[in-house]
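Inside the fold
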Amino acid sequence: AMPTLEQVRQDALALSQDDRELLVVHLHASFEKEPGYDEAWSAEIQRRIKAIDDGTEELVDWEDAEEFIFGDSD
């Protein structure tokens, strides 16, 4: 019998963090993407790298980004 979603979820949560992250990458890669998806992301990544190299992109310290993402930890 095929495992249920709940069984798979419980097994996945028992994995190490590294293995869970790798599982997410593999699952994401298994989805069908719109035509041009990979090319569009590749172009966007290159655009962002160029903006950083050119100094035209404003960078944020990790501490500021962490506070923005997760909220104040105090």
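Residues numbered from 1 in each chain as written. Predicted model: local features only at pLDDT ≥ 70, side-chain atom pairs only at ≥ 80, totals over all residues. Heavy atoms only, no water.

Quick word on a negative patch on the surface
Judged by side-chain charge, Asp 61, Glu 63, Asp 64, Glu 66 and Glu 67 come together as a negatively charged surface patch. When you line up the elements, Glu 67 lands in helix H4 (residues 62–70). Glu 67 sits in the partly exposed class, given a relative accessible area of 47%. (Patch = residues over 30% accessible without salt bridge, like charges linked within 9 Å, V, L, I, M, F, W, Y side chains within 5 Å. Areas by Shrake-Rupley, 256 points an atom, 1.4 Å probe, with all protein chains shown as cover. Salt bridge = Lys/Arg side-chain N within 4 Å of Asp/Glu carboxyl O. Lys, Arg positive; Asp, Glu negative; His and termini not counted. Charge placed at Lys NZ, Arg CZ, Asp CG, Glu CD. Helix = DSSP H or I, 4+ residues; strand = E, 2+ residues; numbered from the N terminus. Buried < 20%, exposed > 50% of the residue type's maximum accessible area, 1.4 Å probe, protein only.)

Quick notes on the pattern of salt bridges
Across all of its chains, the model carries four salt bridges by this definition. Across the pair Arg 47 and Glu 44 runs a salt bridge whose closest N-O atoms are separated by 2.8 Å. Here Arg 47 pairs with Glu 44, and both are found in helix H3 (residues 37–54), just three residues apart, close to one helical turn. Given a relative accessible area of 23%, Glu 44 falls into the partly exposed group. Asp 54 is paired through a salt bridge with Lys 50; the nearest N and O atoms lie 2.7 Å apart. Highlighted residues: Asp 54 and Lys 50, both in helix H3, separated by four residues, approximately one helical turn. One salt-bridge network, held together by shared partners, links Glu 44, Arg 47 and Arg 48.

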